[in-house]
Amino acid sequence: MLQMILPEGSSSLLAFFGILFAFGATVLATAKLSPYLPKDAGREFAHDGKLSAGKPRGAGIIFVLAFVASVLLFAPLSAELVIYLLLIVVCMMTGFLDDASKTPWGEYKKGFLDLCVAALVAITFLKYNSNVVELALFHVKFTLPPVVFAILTVILVWTSVNVTNCSDGVDGLSGTLSIITIMSIYIVDRMKDVNETYSFLILLFAVCILGYLWYNATPSKLMMGDAGSRAMGLFISIAILKSGCPFLFIPLALVLILDGGLGLLKVSLLRFLKIHILKNTRTPLHDHVRKVWDWSNTQTVFRFAIIQIILSLAVIYAMQL
């Protein structure tokens, strides 16, 4: 929006202040508004879940809205971008309403809403982008039929939203892993000279998460809740789609996928096929390493982050060969 009223050549300065604004707005808004957030009741089955009882929950609504405001003010807007922002807000609000509800929403209800959002992302992306996919590690490009591309996009978005949501159980873990993933995508974008607007969006989203982590680092003062984790998952999926290398989601978000996804797989196989896997493994994995391996919260966050950083560095270097 500000680009429309400022003189040409001010883009660099605008981006600089936009990043500072995104962080400052998140920190200040969180400090002022956190007392009005719903309070966590403590998770009965999570390791040390009761320790979270009474903390403000649903802080994702603050940093997501700070992100949206920053984009509207400092980024060049397009119809496609506005649709993505609306879908991020929708995903955030469904999570926040669940955070604020006295009776948690059912898994099927949330899963169906995620499916609807994923379908809208697929439709929007295909309208404004090609269905050409690059396997970046092999330097191979190919075109998928639109229907196949749409189905795979729905799977990608739904998976990203839900594994990110399930990984949110340790102070700072989900936010830290999400930052590593999206900053890895940012580097891929710069290497491939992808649209600068979406690279800028990644930086804005990253600093908004950092503003939240200012209060969420162990020991946390508040939690993002589904409002934040679901929106982060959606943003990750959009960012990787815009990179043109959607299959890089697997290595660049592998720790999120394993941490949150194994629990989803375990429950789904048991519920629908009566197949019981990982009998001796607690899920999400962050509960297993804390309960069984006796890792502290800080060790869990740092070690999971180290693993993802190493994976991301390997992917980025391999892409240059």
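Residues numbered from 1 in each chain as written. Predicted model: local features only at pLDDT ≥ 70, side-chain atom pairs only at ≥ 80, totals over all residues. Heavy atoms only, no water.

**Student:** How do you make sense of the overall build of the protein when you look at a structure like this?
**Tutor:** Scanning the protein from terminus to terminus reveals 12 helices and two strands. Ordered by position from N to C terminus, the α and β elements of the protein give α-α-α-α-β-β-α-α-α-α-α-α-α-α. Rg of the C-alpha trace for the protein: 19 Å, near the compact-globule value of 20 Å for 321 residues, within the 12% margin. Its C-alpha atoms put the protein at 55 × 45 × 35 Å along the principal axes. A buried classification covers 51% of the 321 residues belonging to the protein. The contacts of the protein with a sequence gap of at least 6 include a subset with a gap of at least 24, amounting to 74%. Looking at the protein as shown, the accessible area adds up to about 15,300 Å², and 70% of this sits on carbon and sulfur atoms. Measuring between centres, the 24 positive side-chain charges of the protein sit 6 Å from its 19 negative side-chain charges. (Helix = DSSP H or I, 4+ residues; strand = E, 2+ residues; numbered from the N terminus. Rg over C-alpha atoms; globule rule 2.2 N^0.38 Å. Buried < 20%, exposed > 50% of the residue type's maximum accessible area, 1.4 Å probe, protein only. Contact = heavy atoms within 4.5 Å. Areas by Shrake-Rupley, 256 points an atom, 1.4 Å probe, with all protein chains shown as cover. Lys, Arg positive; Asp, Glu negative; His and termini not counted. Charge placed at Lys NZ, Arg CZ, Asp CG, Glu CD.)

**Student:** How should I be thinking about the packing of helix α1 (residues 11–33) against helix α7 (residues 196–216) in this particular structure?
**Tutor:** If you want to describe how two helices pack, look at the angle between their axes and the distance between the axes. Viewed as axis vectors pointing N to C, α1 and α7 meet at an angle of 30°, and their least axial separation amounts to 8 Å. Relative to α7, the element α1 is oriented roughly parallel. Here α1 and α7 pass one another in a crossing that is right-handed. In this structure, α1 contributes Ala15, Gly18, Ile19, Ala22, Phe23, Thr26, Val27, Thr30 and Ala31 to the contact, and α7 contributes Phe200, Leu203, Leu204, Val207, Cys208, Leu210, Gly211, Tyr212, Trp214 and Tyr215. Here the contact of α1 with α7 is composed, by residue class, of 15 nonpolar, four polar and no charged. (Axes fitted to C-alpha atoms, helices over the stretch in contact; angles between N-to-C directions. Parallel < 35°, antiparallel > 145°, perpendicular 65-115°, else oblique. Left-handed = near helix turned anticlockwise from the far one by under 90°. Nonpolar A, V, L, I, M, F, W, Y, C, P; charged D, E, K, R; others polar.)

**Student:** Where do I start with the nonpolar core in this structure?
**Tutor:** Nonpolar side chains tend to gather and get buried jointly when the protein is soluble and globular. Phe63, Phe67, Val121, Leu234, Phe235 and Leu248 are the most contacted members of the largest nonpolar core, which totals 82 residues. When residues in this core are grouped by element, the largest group, 13 residues, is from α7. (Core = buried A, V, L, I, M, F, W, Y, C linked by side-chain atoms within 4.5 Å.)

**Student:** Looking at this structure, how should I read the side chain of Lys55?
**Tutor:** In this structure, Lys55 sits in the loop between α1 and α2 (60–74). Buried Lys55, no salt bridge; nearest opposite-charge side chain is Asp171, N-O distance 4.2 Å. (Salt bridge = Lys/Arg side-chain N within 4 Å of Asp/Glu carboxyl O.)

**Student:** When you look at the pattern of salt bridges in this model, what are you seeing that I'm missing?
**Tutor:** Pairing of side chains with opposite charge becomes possible as their charged atoms draw close. Scanning the entire structure with this criterion turns up nine salt bridges. The partner of Lys242 in a salt bridge is Glu80, with the nearest N and O atoms 3.2 Å apart. Of this pair, Lys242 sits in helix α8 (residues 225–242) while Glu80 is found in helix α3 (residues 79–100), placing the two residues 162 residues apart along the sequence. Taking the shortest distance from any N to any O, the salt bridge between Asp287 and Arg290 comes out at 2.7 Å. Here Asp287 and its partner Arg290 are both found in helix α11 (residues 285–291), three residues apart, which amounts to about one turn of the helix. Here Asp287 falls in the buried class, since its relative accessible area comes to 4%. Salt bridges sharing common partners tie together Asp40, Arg57 and Asp99.

**Student:** Got a minute to help me understand α7 in this structure?
**Tutor:** Turn by turn, an α-helix covers 3.6 residues, leaving residues three or four places apart pointing in a common direction. Across its 21 residues, α7 extends 30 Å between first and last C-alpha, which sits within 8% of the 30 Å expected from 1.5 Å per residue. With 18 of 21 residues buried, α7 is to be regarded as a mostly interior element. Among the residues of α7, the N-terminal cap falls to Asn195, whose side-chain oxygen and the backbone nitrogen of Thr197 are separated by 2.7 Å. (Expected span 1.5 Å × (residues − 1). Polar contact = N/O pair within 3.5 Å; in protein donor to acceptor, adjacent residues only side chain to side chain.)

**Student:** Would you mind showing me how to read the environment of Val68 here?
**Tutor:** Turning to its location among the elements, Val68 is positioned in helix α2. Given the relative accessible area of 11%, Val68 is considered buried. The spatial distance from the C-alpha of Val68 to the C-alpha of Pro104 is 26 Å, given a sequence separation of 36 residues. Not counting chain neighbours up to four residues away, the residues in contact with Val68 comprise Leu85 and Val89.

**Student:** Before we go on, may I ask you to explain the packing of helix α4 (residues 107–128) against helix α5 (residues 146–166) in this structure?
**Tutor:** Remark: α4 packs on α5, axes separated minimally by 8 Å, with the N-to-C direction vectors making an angle of 135°. With respect to each other, α4 and α5 are oriented oblique. In the packing of α4 onto α5, the handedness of the crossing is right-handed. Residues Gly111, Asp114, Leu115, Ala118, Ala119, Val121, Ala122, Phe125 and Leu126 of α4 touch α5, and the partners they reach there are Pro146, Phe149, Ala150, Thr153, Val154, Val157, Trp158, Val161 and Asn162. The residue inventory of the contact of α4 with α5, partitioned by class, reads 14 nonpolar, three polar and one charged.

**Student:** Mind showing me how you'd approach the pairing of strand β1 (residues 132–135) here?
**Tutor:** As a general feature of sheets, a regular strand has side chains that alternate between the two faces. Examined bridge by bridge, β1 and strand β2 (residues 140–143) share four bridges and lie antiparallel to one another. Of the residues in β2, the one forming a bridge with Glu134 is Lys141. Linking β1 back to β2 in an antiparallel pair, the connection comprises four residues, with His139 at a positive phi of about 55°. (Pairing = 2+ DSSP bridges.)

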